[in-house]
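A structural walkthrough
These are the residues of each chain, in order.
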Amino acid sequence: MENKIAEAIRRYEARTGHRFDTPGAVLFDMDGVLYDSMPGHAIAWKKMCDEAGIEADPNEFFAYEGRTGASTINLLFERQFGHGADEETCRRLYAIKSENFKALGEPPLMPGAKRAVEEVLKAGDATVLVTGSGQQSILTRLAADYPGAFEARITANDVIHGKPDPEPYLKGLEKARMEPWKAVAVDNAPLGVQSASSAGILTIGVRTGPLEEGSLLASGADIELKSMDECADLLSYLLYYKADADKTAAF
Ligand code: MG
């Protein structure tokens, strides 16, 4: 594990020019990281599209993960009708998609996520939620599912440019009042990883969905893991990292 971490830090320092130091905050994406909710989102989007006369493949929504709802609706409109959707249409269709999602029942917690968040709390570090979602049915559950965490939140309503733009993660850093080299981001989607990594944060890509091996590294992750359980193990070391004077990894 120490070797894996040292490699991720080397990669981070080489690409940003920053020197990584003991983390004080961990920024977590929500869907596909804290909740195993992506399959439900794909079903909800597909149902909304069927009702609105938009052709779509349920699997395509995994690729849009991280975008705001309005951005996804605009993309679907451009493709189907040759023009974007106005604000009112976006609001109406996103409300339908949200209702479809809610009707599927509560998505389960992602295995390992609770332990990962507990590692952060145990280290006395800040937890920040950075999600492109505006799905109230999940957002209101967070406090009960992850007690003591995620009082600081950046959601779809807090940004102008959603992921893959760095804005959501930059705003997350602002909320935590943390320098990027003293923070860690955890995201499962290529667009989310791109956002975190271009915000200058050490980025853990967690491949919890149907993605090819290496695709999160290709999107800019400093390390790619297979599960949130693996992420919890990694955080239990990474959060206690200290930059040595001679720049070798030390724990
Ligand atoms: Mg996600």
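For the structure, check the block above.
Structure report, in brief.

Criteria and cut-off values
- Residues numbered from 1 in each chain as written.
- Predicted model: local features only at pLDDT ≥ 70, side-chain atom pairs only at ≥ 80, totals over all residues.
- Heavy atoms only, no water.
- Helix = DSSP H or I, 4+ residues; strand = E, 2+ residues; numbered from the N terminus.
- Rg over C-alpha atoms; globule rule 2.2 N^0.38 Å.
- Buried < 20%, exposed > 50% of the residue type's maximum accessible area, 1.4 Å probe, protein only.
- Axes fitted to C-alpha atoms, helices over the stretch in contact; angles between N-to-C directions.
- Parallel < 35°, antiparallel > 145°, perpendicular 65-115°, else oblique.
- Contact = heavy atoms within 4.5 Å.
- Nonpolar A, V, L, I, M, F, W, Y, C, P; charged D, E, K, R; others polar.
- Donors = N, O, S within 2.8 Å, 3.2 Å for Na, K, Ca; no water.
- Salt bridge = Lys/Arg side-chain N within 4 Å of Asp/Glu carboxyl O.
- Expected span 1.5 Å × (residues − 1).
- Arc of directions from axis to C-beta.
- Left-handed = near helix turned anticlockwise from the far one by under 90°.

1. Remarks on the overall build of the protein
From N to C terminus, the protein includes twelve helices and eight strands. What you see for the protein is a C-alpha radius of gyration of 18 Å, in line with the 18 Å of a compact globule of 251 residues. Reported as C-alpha extents along the three principal axes, the dimensions of the protein are approximately 60 × 35 × 30 Å. The buried share among the 251 residues of the protein stands at 53%.

2. Observations regarding the packing of helix α4 (residues 69–81) against helix α5 (residues 87–103)
For the pair α4 and α5, interaxial distance at closest approach is 9 Å and the crossing angle is 105°. Between α4 and α5, the crossing angle belongs to the class labelled roughly perpendicular. For the pair formed by α4 and α5, the contact residues are Gly69, Ala70, Ile73, Asn74 and Phe77 on the first element and Thr89, Cys90, Leu93 and Tyr94 on the second. Of the residues in the contact of α4 with α5, the class split is six nonpolar, three polar and no charged.

3. Remarks on the coordination of the magnesium ion
Those protein atoms acting as donors to the magnesium ion are Asp29 (OD), Asp31 (O), Glu65 (OE) and Asn188 (OD1), and they sit at 2.0 to 2.2 Å. Donor residues for the magnesium ion, ordered by position in the chain, follow D-x1-D-x33-E-x122-N. Asp29 gets classed as buried once you look at its relative accessible area, which sits at 4%. Exposure remark for Asp31: the relative accessible area of 7% places this residue in the buried category.

4. Describing the environment of Asn59
With respect to the element layout, Asn59 can be found in the loop between α2 (38–52) and α3 (60–63). We classify Asn59 as exposed; its relative accessible area is 54%.

5. Let's talk about the pattern of salt bridges
One pass over the full model with this rule turns up 16 salt bridges. Lys163 serves as the salt-bridge partner of Asp29, at 3.0 Å between the closest nitrogen and oxygen. Within this pair, whereas Asp29 is found in the loop between β1 (25–28) and α2, its partner Lys163 is found in the loop between β3 (152–154) and α9 (167–176), the two being separated by 134 residues in sequence. In this pair, the class of Asp29 matches that of Lys163, namely buried. In this structure, the salt-bridge partner of Glu224 is Arg207, at a minimum N-O distance of 2.5 Å. Here the residue Glu224 occupies a position in strand β6 (residues 223–225), and Arg207 occupies one in the loop between β5 (202–206) and α11 (215–218), the gap between them amounting to 17 residues.

6. Things to note about unusual backbone geometry
The peptide bond linking Lys163 to Pro164 adopts the cis configuration, its omega dihedral lying at 15°. The backbone of Phe150 sits at a positive phi, close to 65°, despite the residue not being glycine. Locating Phe150 in the fold gives a position in the loop between α8 (142–145) and β3. Here the phi dihedral of Arg177 falls at roughly 50°; this positive angle occurs in a residue that is not glycine. Structurally, the position occupied by Arg177 is in the loop between α9 and β4 (183–187). For Arg177, a relative accessible area of 77% gives the class exposed.

7. So, α4
A rise of 1.5 Å per residue sets the reference length of α4, with its 13 residues, at 18 Å; its end C-alpha atoms lie 18 Å apart and thus fit the reference within 8%. Gly69, Thr72, Ile73, Leu76 and Phe77 are the residues of α4 that are buried. On an axial view of α4, the arc spanned by its buried residues comes to 135°, and they lie on one face. Where α4 is buried, its residues meet α2, α3 and α5. Where α4 ends, the next residue or the one after it, Gly82, has phi of about 80°, a positive value.

8. A few points about the packing of α2 against α4
Orientation of α2 relative to α4, taken along the N-to-C sense of each, is 40°, at an axis distance of 12 Å. Here α2 is positioned oblique relative to α4, judged by the angle of their axes. The handedness of the crossing between α2 and α4 comes out as right-handed. Contacts between α2 and α4 involve Trp45, Met48, Cys49 and Ala52 from the first element and Gly69, Thr72, Ile73, Leu76 and Phe81 from the second.

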